[in-house]
Amino acid sequence: MKQRVCICGGGNLGHVVTGFLAIHGDCEVSLLTRHPERWQRQLTIRMPEGDTRQGEISVITSQPAEVIPTADIVLLCLPGFSIREELQLIRPFLQTSTAVGSIVSSTGFFFEALELLPATTPLFGFQRVPFIARTTAYGQAADLLGYKPSLNVAIEQTADKARLCSTFEQLFHTPTTLMQSYYEVSLTNSNPILHPSRLYTMWKDWHEGIVYPVQPKFYEEWTDEASALLIAMDCEFQQLLQVLPVREGSIPTILDYYESSDAASLTRKLRSIQAFKGILAPMKTVEGGFVPDFSSRYFTEDFPYGLRIIQQQARKHQIPVSTIDRVMAWGIKKTAL
């Protein structure tokens, strides 16, 4: 019998994950979204190789009662600010055996789920997203821009972790490793540190009245200054990991992950990644040019629901993180504008 997977969320990842799972036919896919009227049953995904494929969604609804009770797996593809509300929404309809998880865990999923859901609910969360994803026509089409060569997942509150891990490996057609602790996926030096380092170095001196003539490319024009800040924040992050129940090396340093040795080589690496090509800095068009868009997910997600989690854990365990504190204070101030 096919696994029944319910995807929650209709953003970039929601589109591509829904389409990918539906296309490969290993499961029956339903979608829980606030805007079911904007979706088509046939979802078109353009693959990295350039070809397009279509997958069929079995049920599209805004009502959790229509999809949650019959789901074997509920997978949240949501920003950090939506996770708590979504868990509260689906909680009354969950079966005891239904596994609930998040496509990315660095925005607080496990901390929220362990508080809100029953101790009998199997929980899972991925360390990094499986795909680089972009929506091209809402509810109709999206681009799968790149795959991760392997996935890491943490699983809690079930005795059969190996079986569930194997299920994800089959669903995503990607080698998947079971992590030792949910801390190993909840804390990451990916987006919560990666994005703020670039944002801060681009716009730390910005104020009202400054208008930029061009909108820079986020990665292709990455700077050594951003790399140096990223490395400095990562050093503080690695000090935090030393006092938490995580295995040494389970969250590699930024330099190790990107196969770099210093700021200059890290810059060259980030500029060269094919899946990052063409991604622009988050800006708004105004008269005369562009200004930073402090309402973008780069700010509303990566600071309050990414970097803040790292900062809170550091304070809890009395680890000094002066660089993270400085960048965090700037980001939160800007999101409050």
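Residues numbered from 1 in each chain as written. Predicted model: local features only at pLDDT ≥ 70, side-chain atom pairs only at ≥ 80, totals over all residues. Heavy atoms only, no water.

A. Focus on the overall build of the protein. Helix and strand counts for the protein come out as 12 helices and 14 strands. When the 337 residues of the protein are sorted by exposure, 55% land in the buried category. Counting only contacts in the protein whose residues sit at least 6 apart along the sequence, the fraction spanning at least 24 positions is 73%. If the 30 positive side-chain charges of the protein are averaged to one point and the 34 negative ones to another, these points end up 2 Å apart. (Helix = DSSP H or I, 4+ residues; strand = E, 2+ residues; numbered from the N terminus. Buried < 20%, exposed > 50% of the residue type's maximum accessible area, 1.4 Å probe, protein only. Contact = heavy atoms within 4.5 Å. Lys, Arg positive; Asp, Glu negative; His and termini not counted. Charge placed at Lys NZ, Arg CZ, Asp CG, Glu CD.)

B. View of the environment of W206. Note on placement: W206 falls in the loop between α6 (191-203) and α7 (224-241). Measuring from C-alpha to C-alpha, the distance between W206 and E86 comes to 35 Å, with 120 residues separating the pair along the chain. One polar contact links the side chain of W206 to the main-chain carbonyl oxygen of I210, over a distance of 3.0 Å. (Polar contact = N/O pair within 3.5 Å; in protein donor to acceptor, adjacent residues only side chain to side chain.)

C. Layout of the sheet that holds strand β9 (residues 131-137). With mixed pairing, the four strands of this open sheet are ordered in space as β4-β3-β10-β9. If you trace the sheet from one side to the other, it starts and ends with β4 (52-56) and β9, each paired once. The sheet shows a mean angle of 30° between the axes of neighbouring strands, direction not considered. (Pairing = 2+ DSSP bridges. Axes fitted to C-alpha atoms, helices over the stretch in contact; angles between N-to-C directions.)

D. A look at the packing of aromatic side chains. Counted by the stated rule, this structure contains 28 aromatic pairs. Note on F299 and F303: the rings are 5.7 Å apart at their centroids and 15° apart in plane angle, and the pair reads as stacked. Given the relative accessible area of 0%, F299 is considered buried. On the basis of relative accessible area, F303 is assigned to the buried category, the value being 0%. Here a set of aromatic residues connected by ring pairs shows up, and it is made of F20, F124, F126, F131, Y147, F168 and F172. (Phe/Tyr/Trp six-rings, centres within 6.5 Å; stacked < 30°, edge-to-face > 60°.)

Keep in mind these numbers describe shape, not what the thing actually does.
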